[in-house]
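Listed below are the residues making up each chain.
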Amino acid sequence: MIRIKTTIKPFLTVNNANKAVDFYINAFGAVESKRYSLENNKISSVITIEGAEFYLSDEEPCDGNQIAHSFNTPIRIILETENADQIFENALKYGAVEICPIITEEDWRIGKLKDPFGHIWEIGYPL
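Residues numbered from 1 in each chain as written. Predicted model: local features only at pLDDT ≥ 70, side-chain atom pairs only at ≥ 80, totals over all residues. Heavy atoms only, no water.

Undergrad: Help me understand the sheet that holds strand S8 (residues 120-126) in this model?
TA: Strands pair in a sheet through their backbones, by hydrogen bonds, and they do so in one of two ways: parallel or antiparallel. One open sheet accounts for four strands, arranged S5-S8-S7-S6; its pairing is mixed. Whereas interior strands pair on both sides, the edge strands pair on one side only; in this sheet they are strand S5 (76-80) and strand S6 (97-104). Taken over all neighbouring pairs, the strand axes of this sheet differ in orientation by 15° on average, direction set aside. (Pairing = 2+ DSSP bridges. Helix = DSSP H or I, 4+ residues; strand = E, 2+ residues; numbered from the N terminus. Axes fitted to C-alpha atoms, helices over the stretch in contact; angles between N-to-C directions.)

Here it is, written out as structure tokens:
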């Protein structure tokens, strides 16, 4: 029997996946490991940031894949990385909006921002 490691991977839905892939590559140093073509020049991708994988796709309402804000879903993504300061600054440079600056709290170095596609990211690492 093959043992499968349990994981949870975010699936982000956006209005322009091509633009979003470019943002995550430039701002977070991400790598697009797979890309699937959808109808109407839309795409679905598998993205990794320092080995952490997530999915990204254009909105496809007919498949139930709609942008989160249309459902008021309160989801935050925590990116835990030692490169938090650099990634945070790059994200701001490429269009993210700072919610909380990156600071050192009791046992974390962390900041919070909203990417250009409406997703909230907490970026940091435990001390």
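Having put the structure on the table, let's press on.
Undergrad: When you look at the pairing of strand S7 (residues 108-114) in this model, what are you seeing that I'm missing?
TA: Moving residue by residue along a regular strand, the side chains alternate between the two faces of the sheet. Summarising burial for S7: five of the seven residues are buried, a large majority. Relative to S7, S6 is paired through five bridges, and the arrangement is antiparallel. For Glu-98, the partnering residue across the bridge sits in S7 and is Leu-113. Hairpin connection, S6 to S7: the antiparallel pair is bridged by three residues. Relative to S8, S7 runs antiparallel, the two being bridged by seven bridges. Across the sheet, residue Trp-108 finds its bridge partner in S8, namely Pro-126. What sits between S7 and S8 in their antiparallel hairpin is a turn of five residues, with Gly-118 showing a positive phi close to 95°. (Buried < 20%, exposed > 50% of the residue type's maximum accessible area, 1.4 Å probe, protein only.)

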